[in-house]
Amino acid sequence: MQTLSGDQIAAWLERAAEVLEQEKNFLTELDAAIGDSDHGTNMARGFTAVRARIGGLDRGDVGALLNGVGMILLSTVGGASGPLYGTLFREAAVKAAGAAALDLEALAACLEAGLEGIQRRGKAVPGDKTMVDALGPAVDALKAALRAPAAAGDGGGGPLARALDRAAEAARAGAEATVPLVARKGRASYLGERSAGHQDPGATSCWLLLRSLAATATA
Ligand code: ADP
Ligand code: MG
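For the structure given in this document, a descriptive report is provided here.

Rules used throughout
- Residues numbered from 1 in each chain as written.
- Chains lettered and ligands numbered in written order.
- Predicted model: local features only at pLDDT ≥ 70, side-chain atom pairs only at ≥ 80, totals over all residues.
- Heavy atoms only, no water.
- Disulfide = S-S within 2.5 Å.
- Buried < 20%, exposed > 50% of the residue type's maximum accessible area, 1.4 Å probe, protein only.
- Near = heavy atom within 4 Å.
- Polar contact = N/O pair within 3.5 Å; in protein donor to acceptor, adjacent residues only side chain to side chain.
- Areas by Shrake-Rupley, 256 points an atom, 1.4 Å probe, with all protein chains shown as cover.
- Helix = DSSP H or I, 4+ residues; strand = E, 2+ residues; numbered from the N terminus.
- Nonpolar A, V, L, I, M, F, W, Y, C, P; charged D, E, K, R; others polar.
- Donors = N, O, S within 2.8 Å, 3.2 Å for Na, K, Ca; no water.
- Salt bridge = Lys/Arg side-chain N within 4 Å of Asp/Glu carboxyl O.

In this section: the state of the cysteines. A complete count under the given rule lists zero disulfides for this structure. Its sulfur unpaired, C110 is 15 Å from the next cysteine sulfur, which belongs to C206. We classify C110 as buried; its relative accessible area is 3%. On the basis of relative accessibility, which here comes to 3%, the residue C206 falls in the buried class.

See below:
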């Protein structure tokens, strides 16, 4: 597969809803350690709403689809992460406006715009122990794959699926690398030094979303 169509993006979001429901307790436990124990329920609620309402969104225009998803997330996720994930999808939507499908270059541009939107809104920089620490390396991995496509045989699927595998892997590593960090944004920052030693919940949900996307592209 060299592009992701609106149908495939919808399939990703349905898979993501399942994964976030399965991982709800895991995300909530991470948030219990350095936040207020709601990240798992916030994300599961938001993506369950997306799954329920995705049939009413226009899959022929990826921009319209992503914008609709962003609106649903904005109104259902709540917490700090709701507006930030809403921004990710709505900024990506601007880049995807009118497109029937996204190739690797378009997908990288969408996620980069989403990352920039999150950083504009939340003011986090890399190393602040937030979702930026997972999404940033994933965007870098996609851009690196654009410059130097992975050789065939390096994982399954076509170049797009391989690039997404690398991006998901970069997000996983980025999320794990938040463990020793001291939080400088969001609720976890109220803990100061005591926030160190725990993985950031939002970086972890970001990894789960990208892993779901990679799995959809490989399927
Ligand atoms: P809340 O903190 O309001 O309870 P959630 O628990 O749903 O919201 O989400 C917490 C996650 O949101 C954090 O783990 C972090 O990744 C992310 N986050 C919080 N503030 C920011 C910010 N300013 N910039 C980027 N991400 C942030
Ligand atoms: Mg929370």
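Looking now at the site of ligand 1. Taken together, 20 residues lie around ligand 1, and N42, A80, S81, G122 and D200 are the ones closest in. Contact between ligand 1 and D31: an oxygen atom at 3.1 Å from a side-chain N or O atom of the residue. In this structure, an oxygen atom belonging to ligand 1 sits 2.7 Å away from a main-chain N or O atom of A80. Burial of ligand 1 by the protein amounts to 93% of the accessible area it has alone, namely 560 Å². Mapped by element, the contributors of at least two residues to the shell around ligand 1 are α3 (39–53), α5 (81–96) and α9 (201–218). Its residues assigned to classes, the shell around ligand 1 comprises six nonpolar, eight polar and six charged.

So, about the coordination of the magnesium ion (ligand 2). Only D31 (OD), D36 (OD) and D38 (OD) from the protein coordinate the magnesium ion (ligand 2), and they sit 2.0 to 2.2 Å from it. For the magnesium ion (ligand 2), the single-chain donor residues occur in sequence as D-x4-D-x1-D. For D38, a relative accessible area of 23% translates into the label partly exposed.

Our focus in this paragraph is the pattern of salt bridges. One pass over the structure, following the stated rule, counts nine salt bridges. The partner of R120 in a salt bridge is E91, with the nearest N and O atoms 3.4 Å apart. With R120 in helix α6 (residues 104–122) and E91 in helix α5, this residue pair connects regions lying 29 residues apart in the sequence. Look at R120 and you get partly exposed, because its relative accessible area is 49%. Taking relative accessible area as the criterion, E91 reaches 25% and is therefore assigned partly exposed. Put simply, R172 and E169 hold a salt bridge, and the shortest N to O gap is 2.3 Å. Separated by three residues within a single helix, R172 and E169 lie in helix α8 (residues 159–176), roughly one turn from each other. Here the salt bridges do not stand alone but share partners, grouping D128, R184 and K185 into one network.

Purely spatial values, then, with no claim about function.
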